[in-house]
Amino acid sequence: MTVSRQQIRADIRKKRNQLPSDTQYLAGLDLVRQFAQLPELHYAQHIALYLTADGEIDTKPLIEWLWQQGKCTYLPVIHPFSKGHLLFLRYQSDTPMVLNQYSIAEPKLDKTQVYPVANLDLVCTPLVAFDRQGQRLGMGGGYYDRTLAPWFATGQGPKPIGLAHDCQQVEQLPAESWDVPLPKIVTPSRIWDWE
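Since the model is a prediction, treat every value here as computed from it, not as a measurement. Position numbers for residues count from 1 along each chain, tracking the sequence in the order it is written. In keeping with the model being predicted, local features are shown solely for residues with a pLDDT of at least 70 and side-chain atom pairs are shown and tallied solely at 80 or more, while totals for entire chains, interfaces and linings include all residues. Only heavy atoms go into the side-chain values, all of them from the structure, while hydrogens and water stay out.

Chemist: So what's going on with the packing of aromatic side chains? Which residues, and what values?
Modeler: Between rings of Phe, Tyr and Trp, where Trp is taken as its six-membered ring, a pair exists when centres lie within 6.5 Å; planes separated by under 30 degrees are stacked, by over 60 edge-to-face, and by other angles tilted. Counted under the stated rule, the structure contains 6 aromatic pairs. With a centroid separation of 5.5 Å and an interplanar angle of 45°, the aromatic rings of Trp-67 and Tyr-91 are classed as tilted. Of this pair, Trp-67 sits in helix H3 (residues 60-68) while Tyr-91 is found in strand E3 (residues 86-91), placing the two residues 24 residues apart along the sequence. Taking the relative accessible area as the measure of exposure, Tyr-91 reaches 6% and is therefore buried. Ring geometry for Trp-192 and Trp-194: centres 6.1 Å apart, planes at 15°, overall stacked. The exposure class assigned to Trp-192 is buried, which follows from its relative accessible area of 10%. Within the aromatic cluster, the residues linked to one another by ring pairs are Phe-130, Trp-192 and Trp-194. Lysine NZ or arginine CZ positioned within 6 Å of the ring centre and within 35 degrees of the ring normal marks a charge as sitting over the ring. Here Arg-146 stacks its cationic end above the ring of Tyr-143, 5.9 Å away from the centre of that ring. A run of H or I in DSSP becomes a helix once it reaches four residues, and a run of E becomes a strand once it reaches two; helices and strands are each numbered from the N terminus. Only protein chains enter the accessibility calculation, which uses a 1.4 Å probe; a residue whose area is less than 20% of its type maximum is buried, one above 50% is exposed, and one in between is partly exposed.

Chemist: An account of the state of the cysteines is needed here, citing residue identities and associated values.
Modeler: A pair of cysteine sulfur atoms is labelled a disulfide when the two atoms are within 2.5 Å. A complete count under the given rule lists 0 disulfides for this structure. Summary of cysteine pairing: Cys-72 is not part of a disulfide, and the nearest cysteine sulfur, belonging to Cys-124, is at 14 Å. Using a relative accessible area of 0% as the deciding quantity, one classes Cys-124 as buried.

Chemist: Account for H3, with residues named and values stated.
Modeler: The complete set of buried residues in H3 reads Pro-61, Leu-62, Ile-63 and Leu-66. Should any heavy atoms of two residues lie within 4.5 Å, those residues are counted as being in contact. The secondary structure elements touched by the buried residues of H3 are helix H2 (21-35), strand E1 (46-48), strand E2 (72-78), E3 and strand E9 (159-163). Just downstream of H3, Gly-70 is the residue with a positive phi angle, here 80°.

Chemist: Tell me about the pattern of salt bridges, residues and numbers included.
Modeler: The salt bridge definition used is simple: a Lys or Arg side-chain nitrogen within 4 Å of an Asp or Glu carboxyl oxygen. Scanning all chains against the criterion turns up 9 salt bridges. For Asp-54, the salt bridge goes to Arg-13, with nearest N and O atoms at 2.6 Å. Of this pair, Asp-54 sits in the loop between E1 and H3 while Arg-13 is found in helix H1 (residues 5-17), placing the two residues 41 residues apart along the sequence. Lys-159 serves as the salt-bridge partner of Glu-195, at 2.6 Å between the closest nitrogen and oxygen. With Glu-195 in the segment after strand E11 (191-193) and Lys-159 in strand E9, the pair connects residues that are 36 residues apart, well separated along the chain. Through salt bridges that share partners, Glu-40, Lys-159, Lys-184, Asp-193 and Glu-195 make up one connected network.

Chemist: Tell me what's going on with the pairing of E3, and back it up with residues and numbers.
Modeler: The buried fraction of E3 amounts to 5 of the 6 residues, a majority that puts the element mostly inside the structure. Pairing between two strands is assigned when DSSP locates at least 2 bridges connecting them. As judged from the 6 bridges shared by E2 and E3, these two strands associate in the antiparallel manner. For Pro-76, the partnering residue across the bridge sits in E3 and is Phe-88.

Chemist: Account for the sheet that holds E11, with residues named and values stated.
Modeler: Pairing within the open sheet is mixed, and its 7 strands lie in the order E3-E2-E1-E6-E9-E10-E11. Looking at the sheet topology across the chains shown, the edges are occupied by E3 and E11. The average undirected angle you get between the axes of adjacent strands in this sheet is 30°. Whenever a helix is involved, its axis is fitted only over the stretch in contact; in every case the axis is a line through C-alpha atoms, and angles between N-to-C directions fall within 0 to 180 degrees. Contacts from H2 reach strand E6 (122-125), E9, strand E10 (184-186) and E11, with the element oriented near 140° to E10. Against the sheet, H3 contacts E1, E2, E3 and E9, and its axis sits at roughly 135° relative to E2.

Chemist: So what's going on with the nonpolar core? Which residues, and what values?
Modeler: Considering soluble globular proteins, one finds that nonpolar side chains tend to be buried as a cluster. Among the nonpolar cores identified, the biggest contains 33 residues, and Phe-35, Ile-47, Leu-62, Phe-88 and Leu-163 are the most heavily contacted of them. Elements represented by at least two residues in this core include exactly H2, E1, H3, E2, E3, E6, helix H4 (143-147) and E9. Those residues in contact with Leu-62 that lie beyond four places of it in its chain are Leu-31, Val-32, Phe-35, Leu-49 and Leu-163. As used here, the term nonpolar core means buried Ala, Val, Leu, Ile, Met, Phe, Trp, Tyr and Cys residues forming a set that is joined through side-chain atoms within 4.5 Å. Formed by 7 residues, the second largest nonpolar core is a distinct cluster that contains Ile-8, Leu-137, Val-170 and Leu-173.

Chemist: Kindly report on H1, identifying the contributing residues and their values.
Modeler: A helix is expected to span 1.5 Å multiplied by its residue count minus one. Its 13 residues give H1 an end-to-end C-alpha distance of 18 Å, which sits within 8% of 18 Å, the value for a rise of 1.5 Å per residue. Among all positions in H1, only Arg-5, Ile-8, Arg-9, Ile-12 and Arg-16 are buried. On an axial view of H1, the arc spanned by its buried residues comes to 100°, and they lie on one face. Exposed residues lying more than 90 degrees from the buried face of H1 are Gln-6 and Lys-14. Contact partners of the buried residues in H1: H2, strand E7 (129-130) and strand E8 (136-137). In this description, one arc is meant: the one made by directions from the helix axis to the C-beta atoms.

As structure tokens, this is what we get:
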């Protein structure tokens, strides 16, 4: 019997939300150690991330570490006029924040802080589950699929890298025609690399 995407999404969200806070904290630190080993970091200056929600791996330690390395970080903002699309705004410790329609903190929209997606070096993507082939299962809104479509089509633009807890890995995800595997996924214990 094939498990549906909705069932996998529900199961993995429940699993990661049940992780104790100390496990979450340590996973965030371990994520930094793994991420620091990425060869892409040598050239990457402009890196898009996201703030943790719904039991996702804690990205705060990674963001703070990137600041210490002198990297520029950006967070997604739901596009106010182009439905289903994201903008990326510069994120610093004093960036004014607001809650979006999903109750996720995002930078307050300020057009002077928008950075073109095509000029980003890396886009760290959230995900609900991933499999041994690099397939990513998101929340179902398609925001990152649309954002990364040019990279998936041509290999041009920012490189996507998934971030996840180890417990989010499943044997195999049911793939749809529009699904494109990620080239790399970083977890607290390892870097999954399909390049």
